[in-house]
Amino acid sequence: EADIYQTPRYLVIGTGKKITLECSQTMGHDKMYWYQQDPGMELHLIHYSYGVNSTEKGDLSSESTVSRIRTEHFPLTLESARPSHTSQYLCASSPRRRDRGFNTGELFFGEGSRLTVL
Amino acid sequence: AQSVTQLDSQVPVFEEAPVELRCNYSSSVSVYLFWYVQYPNQGLQLLLKYLSGSTLVKGINGFEAEFNKSQTSFHLRKPSVHISDTAEYFCAVSDLGSGGSYIPTFGRGTSLIVHP
């Protein structure tokens, strides 16, 4: 049973507002990810982290930023939201493979945060 | 860069019929392969995974998939579907990225619609 939590689940805000989407996992996974999901499209990786104090940009350019101060917490922030940011944001974490000690890319997902910017 | 192709955007099927959801990927070097399911208003849940060993992999809810290295495919099958299998299914392939870490790439998803 995966233990990864995202808040808020749904958010409707006006243009120009600053927002933070929270993501926490209680499994002690070192790697964490943020994906953006739009209907009928593949999941796009926007940020990931190898561990504390590590953050990397993904394949899809994003105006959001992330931080990783604690292993269990990986929040995503938009300084000034725009209608083009309207999307579903999925947080995930990934364990190391026990027999080999490295990460295979298997993901545990939160339930998502659906953002609508008016 | 890795690419993942799910050939069908939508697959309608009647209850108790068999189903196959197709997935092809671009790179044939060392990869790990996954199928995820997403129910409405939820995140993705792992159905099954291929890491090594037998090319036929069994997962939850009666699903199975076969890894075919020569055809770079990882098709998902179920011999008899239920109404409750109606969901979005995503294929993902993880290979060794430039940073020395396995990063998963996802397909666009296949919507499985099971009719009574």
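Residues numbered from 1 in each chain as written. Chains lettered and ligands numbered in written order. Predicted model: local features only at pLDDT ≥ 70, side-chain atom pairs only at ≥ 80, totals over all residues. Heavy atoms only, no water.

*Asks:* I tried to follow the interface of chain A and chain B on my own but got confused; where do I start?
*Replies:* Size of an interface, as often reported, equals the accessible area lost when the parts are brought together. Opposite the 25 residues of chain A that make contact, chain B presents 22 residues. Between chain A and chain B, roughly 2000 Å² of surface is buried when both sides are summed, and carbon and sulfur atoms account for 51% of that area. Inspection of the chain A/chain B interface yields 2 salt bridges. Between glutamate 106 of chain A and lysine 49 of chain B there is a salt bridge, with the nearest N and O atoms lying 2.8 Å from each other. The interface formed by chain A and chain B contains 6 residue pairs in polar contact (both at pLDDT 80 or more). For the side of chain A that touches chain B, the secondary-structure elements that each account for two or more residues are strand 4 (31–37), strand 5 (44–49) and strand 9 (87–94) of chain A. It is strand 4 of chain A that provides the largest number of residues to the side of chain A that touches chain B, a total of 4 residues. Split by residue class, the side of chain A that touches chain B holds 12 nonpolar, 7 polar and 6 charged. (Contact = heavy atoms within 4.5 Å. Buried area = accessible area lost by both parts, 1.4 Å probe. Salt bridge = Lys/Arg side-chain N within 4 Å of Asp/Glu carboxyl O. Polar contact = N/O pair within 3.5 Å; in protein donor to acceptor, adjacent residues only side chain to side chain. Helix = DSSP H or I, 4+ residues; strand = E, 2+ residues; numbered from the N terminus. Nonpolar A, V, L, I, M, F, W, Y, C, P; charged D, E, K, R; others polar.)

*Asks:* Help me understand the sheet that holds strand 1 (residues 4–7) of chain A, please; the structure alone is not making it clear to me.
*Replies:* Sheet strands line up and pair through hydrogen bonds in the backbone, either parallel or antiparallel. Residue and element names in this part refer to chain A. On the basis of which strands lie adjacent, the open sheet formed by 4 strands has the order 1-3-8-7 and antiparallel pairing. The sheet terminates laterally at strand 1 and strand 7 (65–66), the two strands that pair on one side only. The pairing of strand 7 with strand 8 (residues 76–78) spans 2 bridges and is antiparallel. Counted as the bridge partner of valine 66 is leucine 76 from strand 8. (Pairing = 2+ DSSP bridges.)

*Asks:* Teacher, can you tell me more about the side chain of serine 94 of chain B here?
*Replies:* Along the chain, the position of serine 94 of chain B falls in strand 10 (residues 87–96). Take serine 94 of chain B: its relative accessible area is 0%, and that puts it in the buried class. Excluding residues that lie within four positions of it along the chain, serine 94 of chain B makes contacts with Thr104 and Gly105 of chain A together with Ser30, Val31, Tyr32, Phe34, Tyr102, Ile103 and Pro104 of chain B. (Buried < 20%, exposed > 50% of the residue type's maximum accessible area, 1.4 Å probe, protein only.)

*Asks:* I'm lost on the pairing of strand 5 of chain A in this one. Help?
*Replies:* Residues and elements named next belong to chain A. Of all 6 residues making up strand 5, 5 are buried, and the element is well covered by its neighbours. Of the strand pairs in this sheet, strand 4 and strand 5 are connected by 5 bridges, and their pairing is antiparallel. Residue pairing in the sheet places methionine 32 in a bridge with serine 49 of strand 5. As consecutive antiparallel partners, strand 4 and strand 5 are separated by 6 residues, and within that stretch glycine 40 has a phi angle of approximately 75 degrees, a positive value. Sheet analysis places strand 5 next to strand 6 (residues 56–57), joined by 2 bridges and oriented antiparallel. Considered in strand 6, the bridge of histidine 47 is made with lysine 57. Counted between consecutive antiparallel strands, the loop separating strand 5 from strand 6 contains 6 residues, among which asparagine 53 sits at a positive phi close to 70 degrees.

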